[in-house]
Every structure is written in C-alpha cells, then in structure tokens.
Amino acid sequence: HYSTFDDSPHHFQGRCEYVLAEDSVGRDFSIHVENDNRHGNKYVSYTKAVAIKTRVVGVIKLLRTGVIINGQSVDIFPHVIGSDGTIVDKQFSSITVTLGLSGVFVRWIGVDDYVRVSVPPTYRDRMSGLCGTFD
C-alpha cells in the first residue's frame with residue numbers, strides 16, 4: 001500500500017525493485033524499495049530493503065538487520081557521512097536518513113514494512129516514482 005506525496009492512496013503488490021521517489025530533474029537522489037513475497041504468498045508483498053542513492057554519499061541500504069553504506073556495514077549511530085552532512089540513525093527497528101543539505105528525510109520501520117519519504121518544497125514538480133510527482 002502506498003500513498004503519494006499528494007495523499008492519494010494506491011495498492012500495489014509486486015515482487016521486484018521499484019523507484020519509490022526520485023529527483024527526476026536534478027538527479028540529486030533516488031529511493032528504491034525491494035519488495036518480496038510474504039511467506040511465499042505471491043499475492044502479498046512486503047518491503048525487504050530500502051536503497052537510497054545520492055550523488056554525494058553513494059548508496060545507503062536499509063535492511064531489517066542493519067545499514068550498509070557503500071558496501072560497508074555500519075553499527076554506530078547516529079552516523080554522519082558525506083560532505084553534505086547526511087545523517088543515518090537507528091533506534092530499535094526504526095532507521096532514519098536525512099540527506100544533508102537537501103532536507104530529504106526517509107524513515108523505514110522494517111518490522112512494520114513502513115517507509116516514509118518527506119521532501120521539502122524545493123522539490124515540488126521535480127519528483128517521480130511510486131510516491132508521485134509532488135505537484
């Protein structure tokens with residue numbers, strides 16, 4: 001189940017990697033979700049992982065078991081990375097990422113299959129993906 005930036009709900013069950021949200025103009029970042037079948041049921045999917053790709057930091061992969069940044073496992077939080085001051089934090093099953101100067105915010109609660117993406121108004125009409133265009 002997804003809600004767009006404009007709060008329009010849509011229901012989508014699929015096993016694959018999808019673009020949840022991306023800056024389709026400046027290509028500053030993209031956020032991908034990897035969905036898989038839940039307990040072998042092909043009619044129900046869940047978010048297995050979230051990947052945040054940025055020009056400044058590289059790839060931040062959020063898993064139920066932890067965080068991997070550019071192939072390196074991270075276990076000290078909060079973790080500041082990149083020249084823009086991107087912050088990755090983990091508390092219990094909640095992982096949050098704030099993309100430095102852009103103000104893009106991602107929260108993933110893996111045990112609840114919950115992903116939230118917030119973008120500041122500067123990204124209005126620049127977004128694409130399952131979350132919509134933010135128009």
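Residues numbered from 1 in each chain as written. Predicted model: local features only at pLDDT ≥ 70, side-chain atom pairs only at ≥ 80, totals over all residues. Heavy atoms only, no water.

S.K.: How would you explain the sheet that holds strand β5 (residues 41–54) if you had to name every residue and give the values?
M.R.: Hydrogen bonding along the main chain pairs the strands of a sheet, whether they run parallel or antiparallel. Spatially, the seven strands line up as an open sheet ordered β8-β7-β6-β5-β4-β3-β14, and their pairing is antiparallel. The sheet is open, and its two edges are formed by β8 (72–74) and β14 (127–128), each paired on a single side. Direction of pairing for β5 relative to strand β6 (residues 58–63): antiparallel, over a ladder of six bridges. Following the sheet pairing, Lys53 is matched in β6 by Val59. (Pairing = 2+ DSSP bridges. Helix = DSSP H or I, 4+ residues; strand = E, 2+ residues; numbered from the N terminus.)

S.K.: Which residues make up the pattern of salt bridges, and what values go with them?
M.R.: Under the counting rule described, the total for this entry stands at nine salt bridges. Residues Arg55 and Asp28 are paired through a salt bridge, measuring 2.5 Å at the closest nitrogen-oxygen approach. Placement of the pair is Arg55 in the loop between β5 and β6 and Asp28 in the loop between β3 (16–23) and β4 (29–38), with a sequence separation of 27 residues. The exposure class assigned to Asp28 is partly exposed, which follows from its relative accessible area of 25%. (Salt bridge = Lys/Arg side-chain N within 4 Å of Asp/Glu carboxyl O. Buried < 20%, exposed > 50% of the residue type's maximum accessible area, 1.4 Å probe, protein only.)

S.K.: Could you give an account of the packing of aromatic side chains, naming the residues involved and the relevant values?
M.R.: Applying the stated criterion to the full structure yields two aromatic pairs. Considering the side-chain rings of Phe29 and Tyr123, the 5.3 Å spacing of their centres and the 80 degrees angle between planes classify their relative orientation as edge-to-face. With Phe29 in strand β4 and Tyr123 in the loop between β13 (114–118) and β14, this residue pair connects regions lying 94 residues apart in the sequence. Given a relative accessible area of 3%, Phe29 falls into the buried group. Among the residues examined, Tyr123 registers a relative accessible area of 3% and is labelled buried. (Phe/Tyr/Trp six-rings, centres within 6.5 Å; stacked < 30°, edge-to-face > 60°.)

S.K.: Any chance you could break down unusual backbone geometry for me, citing the residues and the numbers?
M.R.: Going from Phe77 to Pro78, the amide bond is cis rather than trans, its omega being -5 degrees. Notably, Asn70 is not glycine yet its phi reads approximately 50 degrees, a positive angle. Position of Asn70 among the secondary structure elements: in the loop between β7 (66–69) and β8. Even without a glycine there, the phi angle at Asp113 is positive, about 55 degrees. For Asp113, the position within the fold is in the loop between β12 (104–109) and β13.

S.K.: I'd love a proper account of the nonpolar core, names of residues and values included.
M.R.: Counting residues in each nonpolar core, the largest one holds 31 residues, and the members touching the most others are Ile31, Ile52, Ile60, Leu62 and Val119. Among the elements of the structure, β3, β4, β5, β6, β7, β11 (94–99) and β12 are those that each provide at least two residues to this core. (Core = buried A, V, L, I, M, F, W, Y, C linked by side-chain atoms within 4.5 Å.)

S.K.: Outline the pairing of β12, supporting the account with residue identities and numerical values.
M.R.: By the bridge criterion, six bridges tie β11 to β12 in an arrangement that is antiparallel. Bridge assignment links Ser94 to a residue of β12, and that residue is Ile109. Counted between consecutive antiparallel strands, the loop separating β11 from β12 contains four residues, among which Gly100 sits at a positive phi close to 20 degrees. With five bridges joining them, β12 and β13 adopt antiparallel strand pairing. By the bridge assignment, Ile109 is partnered in β13 with Tyr114.

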